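# An overview of the molecular structure
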Number of protein chains: 4
Amino acid sequence: MKNTAVLLIDCPDRKGLVARVAGLLYERGANILHADQHQDHDLGLFFMRVEWATAWGSPLDESGARDAVRADAFDGNFDLEGFRDAFAVLARELGMRWQLTTNARRPRVALFCSQFLHCMADLLHRWRTGELDCEIPLIVSNHRAVEQLAGFYGVPFEYVPVTAAARGEAEAHQLALLEQHGVDLVVLARYMQILSPAFVARYPAAIINVHHSFLPAFTGARPYHAAHARGVKLIGATSHYVTEALDDGPIIEQDVARISHRDQVEDLVARGRDLERLVLARAVRWHLDRRILCYGNKTVVFD
Amino acid sequence: MKNTAVLLIDCPDRKGLVARVAGLLYERGANILHADQHQDHDLGLFFMRVEWATAWGSPLDESGARDAVRADAFDGNFDLEGFRDAFAVLARELGMRWQLTTNARRPRVALFCSQFLHCMADLLHRWRTGELDCEIPLIVSNHRAVEQLAGFYGVPFEYVPVTAAARGEAEAHQLALLEQHGVDLVVLARYMQILSPAFVARYPAAIINVHHSFLPAFTGARPYHAAHARGVKLIGATSHYVTEALDDGPIIEQDVARISHRDQVEDLVARGRDLERLVLARAVRWHLDRRILCYGNKTVVFD
Amino acid sequence: MKNTAVLLIDCPDRKGLVARVAGLLYERGANILHADQHQDHDLGLFFMRVEWATAWGSPLDESGARDAVRADAFDGNFDLEGFRDAFAVLARELGMRWQLTTNARRPRVALFCSQFLHCMADLLHRWRTGELDCEIPLIVSNHRAVEQLAGFYGVPFEYVPVTAAARGEAEAHQLALLEQHGVDLVVLARYMQILSPAFVARYPAAIINVHHSFLPAFTGARPYHAAHARGVKLIGATSHYVTEALDDGPIIEQDVARISHRDQVEDLVARGRDLERLVLARAVRWHLDRRILCYGNKTVVFD
Amino acid sequence: MKNTAVLLIDCPDRKGLVARVAGLLYERGANILHADQHQDHDLGLFFMRVEWATAWGSPLDESGARDAVRADAFDGNFDLEGFRDAFAVLARELGMRWQLTTNARRPRVALFCSQFLHCMADLLHRWRTGELDCEIPLIVSNHRAVEQLAGFYGVPFEYVPVTAAARGEAEAHQLALLEQHGVDLVVLARYMQILSPAFVARYPAAIINVHHSFLPAFTGARPYHAAHARGVKLIGATSHYVTEALDDGPIIEQDVARISHRDQVEDLVARGRDLERLVLARAVRWHLDRRILCYGNKTVVFD
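Scoring rules and cut-offs
- Residues numbered from 1 in each chain as written.
- Chains lettered and ligands numbered in written order.
- Predicted model: local features only at pLDDT ≥ 70, side-chain atom pairs only at ≥ 80, totals over all residues.
- Heavy atoms only, no water.
- Contact = heavy atoms within 4.5 Å.
- Buried area = accessible area lost by both parts, 1.4 Å probe.
- Salt bridge = Lys/Arg side-chain N within 4 Å of Asp/Glu carboxyl O.
- Polar contact = N/O pair within 3.5 Å; in protein donor to acceptor, adjacent residues only side chain to side chain.
- Helix = DSSP H or I, 4+ residues; strand = E, 2+ residues; numbered from the N terminus.
- Nonpolar A, V, L, I, M, F, W, Y, C, P; charged D, E, K, R; others polar.
- Least-squares fit on C-alpha atoms with pLDDT ≥ 70 in both.
- Buried < 20%, exposed > 50% of the residue type's maximum accessible area, 1.4 Å probe, protein only.
- Axes fitted to C-alpha atoms, helices over the stretch in contact; angles between N-to-C directions.
- Parallel < 35°, antiparallel > 145°, perpendicular 65-115°, else oblique.
- Left-handed = near helix turned anticlockwise from the far one by under 90°.
- Core = buried A, V, L, I, M, F, W, Y, C linked by side-chain atoms within 4.5 Å.
- Domains from an automatic or database assignment.
- Pairing = 2+ DSSP bridges.
- Phe/Tyr/Trp six-rings, centres within 6.5 Å; stacked < 30°, edge-to-face > 60°.

## Quick word on the interface of chain C and chain D
- Facing 38 residues of chain C, the contacting portion of chain D comprises 38 residues.
- With both sides pooled, the region where chain C packs onto chain D buries about 3200 Å², and carbon together with sulfur makes up 49% of that total.
- When residues of chain C are sorted by the area they lose upon contact with chain D, Arg-230, Lys-233 and His-261 of chain C head the list and together hold 22% of the total.
- Between chain C and chain D we count 10 salt bridges in total.
- A salt bridge links Asp-303 of chain C to Arg-262 of chain D; the nearest nitrogen and oxygen atoms lie 3.3 Å apart.
- One can count 22 residue pairs in polar contact (both at pLDDT 80 or more) joining chain C with chain D.
- Put simply, the parts of the chain that give the side of chain C that touches chain D at least two residues each are strand S2 (31-40), helix H8 (223-230), strand S11 (251-258) and strand S13 (298-301) of chain C.
- The element contributing the most residues to the side of chain C that touches chain D is S11 of chain C, with 7 residues.
- Here the residues of the side of chain C that touches chain D sort into 14 nonpolar, 10 polar and 14 charged.

So this is what it looks like as structure tokens:
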């Protein structure tokens, strides 16, 4: 497992941005592993993601040919704090918004669900097998259905019932739990309650939801019923960041599956579960890999 | 090229429908090539499509093993009119709506377009190479852009300009042309004018349109602009029968393509052209093959 | 949960097959839920699947309109054994191979795996939530990695190590376990050992494997490495019945995912896991729903 | 239509490559429109594509807000030859292979086909509507079927029959035509003759073929027959650069379509035509946009 740093940048586009950033990294001795940039020409915006090695824990066992190529790459530790200070100066000059993170500290993720557990079981299995690089200190549900599964994976479970009358108290309880566990990201794995604007405002671009339709078609409740009634030939699922407006946040990922006249609503529900699992898992992984930048109501997903 | 008949049925579901229909065909000596049925359990409806050989123009050159199997199949002509009379009695008894057609008479199709010709060029090429089994007696457009292409394929072209002030006259002209050419099916191959309810009522389930979005998302004008603004990760196209309500008729086919943050509106337009071509061509072919049954606002597409 | 019977038929094609089968079912009072047939015109073969209700455990709560339609459908129990006897006579006359099964007895499935558990975890979750209608009396592995997961789902686990020297003994042990547990279907959920022809011969069309490539490309070991070396732009996975010839049995389902030059072998492995899960789960479900007929080295999958 | 330059680079990976290249472009005043790089960590290779504006033919009609952002971008012409000289020095130092091209000179493309014209008709329509930015000075075929289509699009047609006995002469004739027309890229749009190694050697990474299977499955003749015989559930098509080894060159693009047991060979052929059109058109467009780098037997396709 290597140690890496990721720098995410967005700013007004102008000449020389790549040269300035790449130049500083080169000067500081960074061994760049991945770099990607994007320009939105219509809006005049620039986006960049750079990932580089900061340290290597184990001796190399590469073949001679590759050693030669990579010789200058593995020269010990990168001075991350020194870089941060130098970059801050540059960023101020160029009007950049930026985040610099390392995988030394793993993000802390809370999973929310209701009675349907397919996304939850999928995320927990991926986490257990190392596909999701995070801590999961907390599972929250308004049902007890997930309790056994949480136990199997050794994740503390908190039962927080939600009633129309006491929604505010429930959210206060949830927020206290999130704070107490130092949660960075909330994943709504088919959590069937609507979060209040106040809750959402506490975690900007840090709550990921899966909606069981191809947004913006079929927002709101019972999208498979609506899709069946409309007679569509493909159903979809969408993962997105949660904002105040229901089902209207920046889309991270979407996928579809072909259906036919033979499929009744319950078939759509079953087919849809596979889509939901996939688009939610991808969104969570990309977020954890710091591949996503939000701007306006859209996302850049670096690949 | 074999001669075949196709029977399309829809009616309230009840026991014995397949047995009764198949029994009558067997009794009359039909050699069934394809049969498919569908039940909508929620609505209690039954749908069926049967296709059988009515005559064979050429001697067989099959191998012995297959001759044995098919020996009883190729026994001359099927008495279609006798079957029609007998079936009418059965259909009345069982409350069936039905269509019985043969490929002896090829459907007559009119193609409408405006200035974008990708769907038109695609349909004409498919027609020329035998993929679409129909006559095309007429191309209508409110632009002259298609004139050369129509000439190359030897299809009469009618220029019918449409202005807001004289929309009624234009439609009257179009309808007269359709009648004069005995048109059975109108295909709107990116025809950018809205047809009046009166026009649509003249061709129920016989006008096919392609809309450049994944309906019901992004109805109306400039769907690619809307898709880009919403930040979707897939774009789509939809072919459907035209009804009074704009972009709301029974969906025949849909398809999607993946896009990314790198794609600007003009990229969506270019990617979308390939989708539009495919979903429109499939819809037209299925209609010509009499594979489609409309019910409510949905389609059954037998495959 | 309704009780249903399924009849699967394959035989030489001839006139009147649908009429004869549907006629007998109608005469016996069957309420057909689904019927589908297929003709392979090249080979002169006919295939049919019919599913009908045999009993209904609960009173109906349908609306009046639907009651009227369905009134004659729910008239108590179907005499399955009487039908079986009558059908056997017909089948003999028409040279049919056939299977008649009901969901009164749930199939018994054994799951085999090695150290990778993504397919296993997926199948067990689907089983727990009712998506797979079967008993799972047994999990067998040559690794202990699956033991905890088996325990969580309450399925007996048998550790059967396999060495090159003692492969025969291991298989004898496995076969004894299968017999002891009355297993009908063996699912190889990334079981990385090759079964001997003698083992395979004991379960014809009753062992389902998932291979991590788009067969017939990249048979054998390390298909993701081979795909990466060849520079393909899509990777795939295939579920199939196991036959004597490695990776050459009748294909049940395949799917693919797009990759790019950015994806290294480990990315292919990760992307592929999602494909493997899906194509294996679909194959198992279709087999349990008795939707699959094998002929030659191919499958008919009724949908 | 803007004027742009594209620089494609591949070389051994080492620190500072992006910084050096971006720095030089910045220093020379380039307004970068797109930049993308890729590292093959296993092989220790680095790939880069940069596209920048070299001149702008028309005054801007952008809004004020965007003018401010882009003010420094549109400052007249870029000294391309000066940059070329400076970059050559850098490239030598860093061991780079590189190509520097502009769209001032449009590539010259020859299209080859045999009797099936779906790819040819598709490419010519795309070319006519501006989707393919090239000259097409020449269509070559061993059949006369394409002659009318060539005439419609105003492209000179050369009939070059190929017989087993006189293959060498035919190729000599073809090569003379290519030279005479200054052809840069040869596109085999379902050209059903195998080119000799000597021919291929004359156009390295400059002959694009479409093969009607999902390579490496079903190389050679009649792949749809082979796919049908194997009972696959998806069919595919592949565009690739032609090398000496048949159907074994670097893959540029692949796509697949789902089929079922109902599809006979002729259905596969029809479905496959749509795939062939798409994968070939994409490959040609990407080549013309200078998005493709070959290395080993693989491609990097910058998006």
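What follows continues from the structure just given.
## Quick word on the relation of the copies chain C and chain D
- Superposing chain C onto chain D requires a rotation of 180 degrees together with a translation of 0.0 Å along the rotation axis, leaving an RMSD of 0.0 Å. Seen this way, the second copy is the image of the first under a two-fold rotation axis. In terms of proximity to the rotation axis, the leading residue of chain C is Ala-217 of chain C, whose C-alpha is 2.4 Å off the axis.
- Most of the interface of chain C is mirrored in chain D: 100% of its interface residues are interface residues there too.

## A short note on the pattern of salt bridges
- Under the counting rule described, the total for this entry stands at 100 salt bridges over all chains.
- Here Glu-93 of chain D ties to Arg-20 of chain D by a salt bridge, and the two come within 3.0 Å at their closest N and O atoms. Taken together, the positions of Glu-93 of chain D in helix H3 (residues 80-94) and Arg-20 of chain D in helix H1 (residues 17-27) put the pair 73 residues apart, joining distant regions of the chain.
- On the accessibility criterion, Glu-93 of chain D (47% relative accessible area) is partly exposed.
- A residue is classified by how much of its surface remains accessible, and Arg-20 of chain D, at 27% relative accessible area, is partly exposed.
- One salt-bridge network, in which partners are shared between bridges, spans Asp-122, Arg-126, Glu-131 and Arg-285 of chain A together with Arg-273, Asp-274 and Arg-277 of chain C.

## Here's the deal with the packing of helix H8 (residues 223-230) of chain B against helix H9 (residues 265-288) of chain B
Residue and element names in this part refer to chain B.
- Running from N to C, H8 and H9 cross one another at 120 degrees; their axes reach a closest spacing of 10 Å. Here H9 runs oblique to H8, going by the angle between their axes. Viewed along their axes, H8 and H9 form a crossing whose handedness is right-handed. Counting all contacts with H8, which are made through Tyr-224, His-225, Ala-227 and His-228, the residues of H9 involved are Val-265, Leu-268, Val-269, Gly-272, Arg-273 and Glu-276.
- Class assignment for the residues of the contact of H8 with H9 results in 5 nonpolar, 3 polar and 2 charged.

## Remarks on helix H4 (residues 118-128) of chain D
All names here are of chain D.
- Taking burial as the measure, the 11 residues of H4 include 10 buried ones, the bulk of the element.
- Of all the positions in H4, only His-118, Cys-119, Met-120, Ala-121, Asp-122, Leu-123, Leu-124, His-125, Arg-126 and Trp-127 are classed as buried.
- Positive phi appears at Gly-130, one or two residues downstream of H4, with a value of about 90 degrees.

## What about the nonpolar core?
- Among the nonpolar cores identified, the biggest contains 200 residues, and Leu-124 of chain A, Leu-124 of chain B, Leu-124 of chain C together with Leu-124 of chain D are the most heavily contacted of them.
- Ignoring any residue separated from it by four or fewer positions in sequence, one finds Leu-124 of chain A in contact with Leu-111, Ile-136, Ile-139, Leu-149, Tyr-153 and Val-155 of chain A.

## Digging into the interface of chain B and chain A
- Counting residues at the interface gives 38 residues for chain B, matched by 38 residues for chain A.
- Of the roughly 3200 Å² buried at the junction of chain B and chain A (both faces included), carbon and sulfur atoms supply 49%.
- Remark: the boundary between chain B and chain A carries 10 salt bridges.
- Applying the counting rule to chain B against chain A returns 22 residue pairs in polar contact (both at pLDDT 80 or more).
- Among the elements of the structure, strand S2 (31-40), H8, strand S11 (251-258) and strand S13 (298-301) of chain B are those that each provide at least two residues to the side of chain B that touches chain A.
- Among the elements that make up the side of chain B that touches chain A, the one with the highest residue count is S11 of chain B (7 residues).
- For the side of chain B that touches chain A, the residue count by class is 14 nonpolar, 10 polar and 14 charged.

## Considerations on the domain arrangement of chain A
All names here are of chain A.
- In terms of domain boundaries, chain A breaks down into domain 1 (4-102) and domain 2 (108-301).
- A separation of 32 Å is found between the C-alpha centroids of domain 1 and domain 2.
- On the side of domain 2, 8 residues touch domain 1, which itself brings 16 residues to the contact.
- Carbon and sulfur atoms make up 57% of the surface buried where domain 1 meets domain 2, a total of about 910 Å² over both sides.
- Among the residues of domain 1 in contact with domain 2, Leu-8, Phe-47 and Arg-49 are the three that bury the most area, contributing 46% of the side total.
- In this assembly, domain 1 and domain 2 are joined by 0 salt bridges.
- Applying the counting criterion to the domain 1 and domain 2 interface returns 4 residue pairs in polar contact (both at pLDDT 80 or more).
- Taken together, the elements giving at least two residues each to the side of domain 1 that touches domain 2 come down to strand S1 (3-12), strand S2 (31-40), strand S3 (45-55) and strand S4 (97-102).
- Sort the elements by how many residues they give to the side of domain 1 that touches domain 2 and S1 lands first, with 5 residues.

## Details of the sheet that holds strand S5 (residues 108-113) of chain B
All names here are of chain B.
- With respect to topology, 7 strands assemble into an open sheet ordered S7-S6-S5-S8-S9-S10-S11, the strand pairing being mixed. In this open sheet, the two edge strands, each paired with only one partner strand, are strand S7 (157-159) and S11. Strand-to-strand twist in this sheet, taken as the mean axis angle between neighbours without regard to direction, amounts to 15 degrees.
- Sheet topology note: the S5/strand S8 (residues 185-188) ladder contains 4 bridges and is parallel. Across the sheet, residue Leu-111 finds its bridge partner in S8, namely Val-187.
- Sheet strands touched by helix H6 (residues 167-180): S5, strand S6 (135-141), S7 and S8. Its angle to S6, the strand with the most contacts, is close to 170 degrees.

## Considerations on the packing of aromatic side chains
- As enumerated under the stated definition, the model contains 44 aromatic pairs over all chains in all.
- Relative to Phe-78 of chain B, the ring of Trp-52 of chain B lies with its centre 5.6 Å away and its plane at 65 degrees, an arrangement referred to as edge-to-face. In this pair, Trp-52 of chain B sits in strand S3 (residues 45-55) while Phe-78 of chain B sits in the loop between helix H2 (64-70) and helix H3 (80-94), placing the two residues 26 residues apart along the sequence. Of the two residues, Trp-52 of chain B and Phe-78 of chain B, both sit in the buried class.
- Ring geometry for Phe-112 of chain D against Tyr-191 of chain D: centres 5.3 Å apart, planes inclined by 90 degrees, an arrangement best described as edge-to-face.

## Focus on unusual backbone geometry
- Residue Pro-216 of chain C is bonded to the preceding Leu-215 of chain C through a cis peptide linkage, with omega at 10 degrees.
- Looking at the secondary structure, you find Pro-216 of chain C in the loop between strand S9 (207-211) and H8.
- Backbone geometry at Arg-290 of chain B places phi at a positive 55 degrees, although glycine is not the residue there.
- Tracing the sequence through the fold places Arg-290 of chain B in the loop between H9 and strand S12 (292-295).
- With a relative accessible area of 15%, Arg-290 of chain B lands in the buried category.

## Some points on the environment of Ala-145 of chain D
All names here are of chain D.
- In this fold, Ala-145 is placed in the loop between strand S6 (135-141) and helix H5 (147-152).
- Owing to a relative accessible area of 42%, Ala-145 belongs among the partly exposed residues under this scheme.
- The residues touching Ala-145, leaving out its near neighbours within four places in the chain, are Gln-115 and Leu-117.

## Details of the packing of helix H1 (residues 17-27) of chain A against helix H3 (residues 80-94) of chain A
Residue and element names in this part refer to chain A.
- At a minimum axis separation of 11 Å, H1 and H3 run at an interaxial angle of 165 degrees. Compared by their axis directions, H1 and H3 come out roughly antiparallel. Relative to H3, H1 is oriented so that their crossing is right-handed. Touching Leu-17, Arg-20, Val-21, Leu-24 and Leu-25 of H1 are Phe-83, Ala-86, Phe-87, Leu-90, Glu-93 and Leu-94, all from H3.
- Classifying every residue of the contact of H1 with H3 by side-chain character gives 9 nonpolar, no polar and 2 charged.

## Re the relation of the copies chain B and chain A
- The two copies are related by a screw operation: chain B maps onto chain A through 180 degrees of rotation and 0.0 Å of translation along the axis, at an RMSD of 0.0 Å.
- Most of the interface of chain B is mirrored in chain A: 100% of its interface residues are interface residues there too.

## Quick notes on the sheet that holds S9 of chain C
All names here are of chain C.
- With mixed pairing, the 7 strands of this open sheet are ordered in space as S7-S6-S5-S8-S9-S10-S11. One side of each edge strand has no neighbouring strand; the edge strands of this open sheet are strand S7 (157-159) and S11. On average, each strand axis in the sheet is tilted by 15 degrees relative to the strand beside it, whichever way the strands run.
- Here 5 bridges tie strand S5 (residues 108-113) to strand S6 (residues 135-141), and the two strands are oriented parallel to one another.

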